[in-house]
Amino acid sequence: QLPDKNATWASIVRLSVEWHEQQAIHHARPTRGLTWESVLNDCEIDEFKIRALISSIALQKEGLLMHHCVGNYDDECYEGYVRIFSLTDNQGLCSTLSIEETGDGVWRVEQVRAVCNGPVSEETMKVANKVANRYTELSGKEVSCHETVQ
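Note that the structure is a prediction, hence the values are computed from the model and not measured. (Residues numbered from 1 in each chain as written. Predicted model: local features only at pLDDT ≥ 70, side-chain atom pairs only at ≥ 80, totals over all residues. Heavy atoms only, no water.)

**Overview of the overall build of the chain**
On a plain count of helices and strands, the chain comes out with 4 helices and 6 strands. Each helix and strand of the chain, placed in order from N terminus to C terminus, yields the pattern α-β-β-α-α-β-β-β-α-β. With 150 residues in all, the chain has 36% of them scored as buried. Here the analysis covers contacts within the chain between residues at least 6 apart in sequence; of these, 55% occur between residues at least 24 apart. Taken as a whole, the chain presents about 9,200 Å² of accessible surface, with 52% of it coming from carbon and sulfur. (Helix = DSSP H or I, 4+ residues; strand = E, 2+ residues; numbered from the N terminus. Buried < 20%, exposed > 50% of the residue type's maximum accessible area, 1.4 Å probe, protein only. Contact = heavy atoms within 4.5 Å. Areas by Shrake-Rupley, 256 points an atom, 1.4 Å probe, with all protein chains shown as cover.)

**Section: the packing of aromatic side chains**
According to the stated counting rule, one finds 2 aromatic pairs in the structure shown. With centroids separated by 6.0 Å and ring planes inclined at 65 degrees, the aromatic side chains of Phe-85 and Tyr-135 adopt a geometry described as edge-to-face. Taken as a pair, Phe-85 in strand 3 (residues 82-88) and Tyr-135 in helix 4 (residues 122-138) lie far apart in primary sequence, 50 residues in all. A relative accessible area of 4% places Tyr-135 in the buried class. A ring pair is formed by Trp-107 and Tyr-135, whose centres lie 4.7 Å apart and whose planes are at 65 degrees; its orientation type is edge-to-face. Taken together, the residues span a long stretch of sequence, with Trp-107 in strand 5 (residues 106-113) and Tyr-135 in helix 4 at a distance of 28 residues. Like Trp-107, the residue Tyr-135 is buried in the burial classification. (Phe/Tyr/Trp six-rings, centres within 6.5 Å; stacked < 30°, edge-to-face > 60°.)

Printed below as a string of structure tokens:
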């Protein structure tokens, strides 16, 4: 779709991003359409928005947005020993968190990365650990997390 003659710069950039996303999806590894459950649903922890990524498509979109390989982890998520979350701080900075089960229902941070696999802040790392701890607490229970966790 071409921008109209009165298009703003923001709308042109949006169209460009959408076009590039479509191209990347078209040329990416075929999506198998896997889905899985997360006991920790979308919530907020210490002013970070936490969003559970619960499908192959969600992982591919996160990988495109963040310019890293998270889209390849759908098998591990589907099999149940990895969970992946998108974290956004109150300034809009995003990172991707992967937690893994270590046994007996205990979950730990496997990795947390910023755009292009960049490092994250100490504050982001603390929140990542809180997500893993909260996931451990909720394992085995179907509970929604809509409150702020301290």
